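Descriptive structure summary
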Amino acid sequence: MNRNKIGLPARALLLVLIITFSTTLSLTTVSAINSTLYRGAQAGSIYENATITAGGYHTCAILDDGSVRCWGSNSDGQLGDGTTTNRNTPTALSSWPSGRTAVAITADGGGHTCAILDDGSVRCWGWNDYGQLGDGTTTSRNTPTALSSWPSGRTAVAIIAGSYHTCAILDDGSVRCWGSNSDGQLGDGTTTDRNTPTTLSGWPSGRTAVAISAGYYHTCAILDDGSVRCWGWNDDGQLGDGTTTDRNTQQLVSLPHLDTPAITAGAHQTCAILDNGSVRCWGYNNYGQLGDGTTTDRNTPTALSSWPSGRTAVAISAGYYHTCAILDDGSVRCWGYNNAGQLGDG
């Protein structure tokens, strides 16, 4: 697949930071608001809920009363307010289920948004050309819309939006994905787009998912034994399986430590925090977004260069061509593409 077909900007860092910046291609120093974060904080985890999310051109947040406000671009209804009018102030959703509150929210560059409600159901809204809203159609929606063909009796406990697809972890630890499947990013053993939640193929027997992250055309999950599986587009080695072959079923990533607390999928790269607090990245590296001191693509997990001595990572998030991590002392390191100042190094 030609990387040039992707024209949308980076996914934003999903953790709210107040930061003052300073750095470059290797790793960059910044100060963060919260030094008490525990290792492995990430969106798409069953252990916590993301309450703010940034898509390519819009942002959504869950308020303390469980309501949702969105703002920014609304060309495809991704603000969920019943219009396609851009908003430069936080705007309430329209047609929200009565008596329900949001507990987790996710958005990405393709222009759609999804939320888990307090009853474990899911609502999605925005662009739907590939079925990424999961409502059984390819019709874009400007109000929150229920999923179609959800497994009976099951609830969602984690959700993540890729650019044109969406995946959720259910309360039994299984995974469902829907939307674009051009490169096998739904993991169902095909490359057929799906407009309803679809079961993954080839999932390891007896294993459950505890965290999930979606890039532009690939998806990665952490399993309950701490192992990592990735699937989808692999032209740049972003699946970490030692090849550049696309995969429509899950592939085991070879990591030096079994227990992986956190994972993040950028546009064409993937990074993980290991159980010792170190970071490994793999995939596209043209702008140094793997942080290994080179611009060489890697198809296996690669250690970062110039990491601060004695420090460990507690949270990580990958954007389009850059990556940022929070360290255990509350500082931040960023690396990769910096054309718009996304590394915050002044």
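Small disclaimer: the values here were computed from a predicted structure and weren't measured. (Residues numbered from 1 in each chain as written. Predicted model: local features only at pLDDT ≥ 70, side-chain atom pairs only at ≥ 80, totals over all residues. Heavy atoms only, no water.)

1. A few points about the overall build of the protein chain
Along the backbone of the protein chain there are zero helices and 25 strands. Taken over 346 residues, the protein chain has a buried fraction of 57%. Excluding contacts between residues fewer than 6 apart, the proportion of contacts in the protein chain whose partners are at least 24 apart in sequence is 49%. By element, 44% of the accessible surface of the protein chain is carried by carbon and sulfur atoms, the whole surface being about 12,300 Å². (Helix = DSSP H or I, 4+ residues; strand = E, 2+ residues; numbered from the N terminus. Buried < 20%, exposed > 50% of the residue type's maximum accessible area, 1.4 Å probe, protein only. Contact = heavy atoms within 4.5 Å. Areas by Shrake-Rupley, 256 points an atom, 1.4 Å probe, with all protein chains shown as cover.)

2. What about the sheet that holds strand S17 (residues 228-232)?
The strand order across the open sheet built from four strands is S15-S16-S17-S18, with neighbouring strands paired in antiparallel fashion. Sheet topology places strand S15 (209-214) and strand S18 (247-252) at the edges, where each strand pairs with a single neighbour. When the angles between neighbouring strand axes are averaged without regard to direction, this sheet yields 20 degrees. In this structure, strand S16 (residues 218-223) lies alongside S17, joined through five bridges in antiparallel fashion. Bridging from a neighbouring strand, Thr-219 pairs with Trp-231 of S17. (Pairing = 2+ DSSP bridges. Axes fitted to C-alpha atoms, helices over the stretch in contact; angles between N-to-C directions.)

3. Overview of the environment of Leu-117
Topologically, Leu-117 is positioned in strand S8 (residues 112-117). On the basis of relative accessible area, Leu-117 is assigned to the buried category, the value being 1%. Residues Leu-117 and Ala-156, spaced 39 residues apart in sequence, show a C-alpha to C-alpha distance of 8.7 Å.

4. Considering the side chain of Thr-302
Secondary-structure assignment places Thr-302 in strand S22 (residues 298-303). Reaching out from Thr-302, the side chain makes a polar contact with the backbone oxygen of Thr-300 at a distance of 3.0 Å. Look past the residues within four positions of Thr-302 in its chain and what remains in contact with it is Val-279, Arg-280, Cys-281 and Asp-292. (Polar contact = N/O pair within 3.5 Å; in protein donor to acceptor, adjacent residues only side chain to side chain.)

5. As for the sheet that holds strand S12 (residues 165-170)
Pairing is antiparallel in the open sheet, where four strands are placed in the order S11-S12-S13-S14. In this open sheet, the two edge strands, each paired with only one partner strand, are strand S11 (156-161) and strand S14 (194-199). Neighbour-to-neighbour, the strand axes of this sheet turn through a mean angle of 20 degrees, independent of strand direction. Across five bridges, S12 lies against strand S13 (residues 175-179) in antiparallel orientation. Bridge pairing in S13 links His-165 to Gly-179.

6. Brief notes about the state of the cysteines
Tallying each qualifying case throughout the model produces six disulfides. There is a disulfide in this structure between Cys-114 and Cys-124, and the S-S distance comes to 2.1 Å. Linking Cys-114 and Cys-124, the disulfide has an S-S dihedral of approximately 110 degrees and is accordingly described as right-handed. Of this pair, Cys-114 sits in strand S8 while Cys-124 sits in strand S9 (residues 122-126), and the two are 10 residues apart along the sequence. Classification of Cys-114 as buried rests on a relative accessible area of 0%. Each disulfide pairs two cysteine sulfurs, and for Cys-220 the partner residue is Cys-230, the sulfurs being separated by 2.1 Å. When the S-S torsion is 110 degrees, as for the bridge of Cys-220 with Cys-230, the disulfide is right-handed. Note that Cys-220 is positioned in strand S16 and Cys-230 in strand S17, a separation of 10 residues in sequence. By relative accessible area, Cys-220 is classed as buried at 0%. (Disulfide = S-S within 2.5 Å.)

7. Regarding the packing of aromatic side chains
Under the criterion given, the structure shown has 16 aromatic pairs. Here the aromatic rings of Trp-127 and Tyr-164 are separated by 5.5 Å at their centres, their planes lie at 80 degrees, and the arrangement is edge-to-face. With Trp-127 in the loop between S9 and strand S10 (141-146) and Tyr-164 in the loop between S11 and S12, the pair connects residues that are 37 residues apart, well separated along the chain. Relative to Tyr-321, the ring of Tyr-284 lies with its centre 5.7 Å away and its plane at 55 degrees, an arrangement referred to as tilted. With Tyr-284 in the loop between strand S21 (279-283) and S22 and Tyr-321 in the loop between strand S23 (313-318) and strand S24 (322-327), the pair connects residues that are 37 residues apart, well separated along the chain. For the pair Tyr-284 and Tyr-321, a shared accessibility class is recorded, and that class is buried. (Phe/Tyr/Trp six-rings, centres within 6.5 Å; stacked < 30°, edge-to-face > 60°.)

8. Focus on the pairing of S24
For S24, the buried fraction is high: six of the six residues fall into the buried class. Along S24, one buried face is formed by His-322, Cys-324 and Ile-326 and the opposite face, lined by Thr-323, Ala-325 and Leu-327, is buried too. The pairing of S23 with S24 spans five bridges and is antiparallel. The residue of S24 that forms the bridge with Ala-318 is Thr-323. As defined by bridge partners, S24 adjoins strand S25 (residues 331-336) across five bridges and the pair is classed as antiparallel. Across the sheet, residue Thr-323 finds its bridge partner in S25, namely Trp-335. Counted along the chain from S24 to the antiparallel partner S25, the turn is three residues long, and its residue Gly-330 has a positive phi close to 85 degrees.

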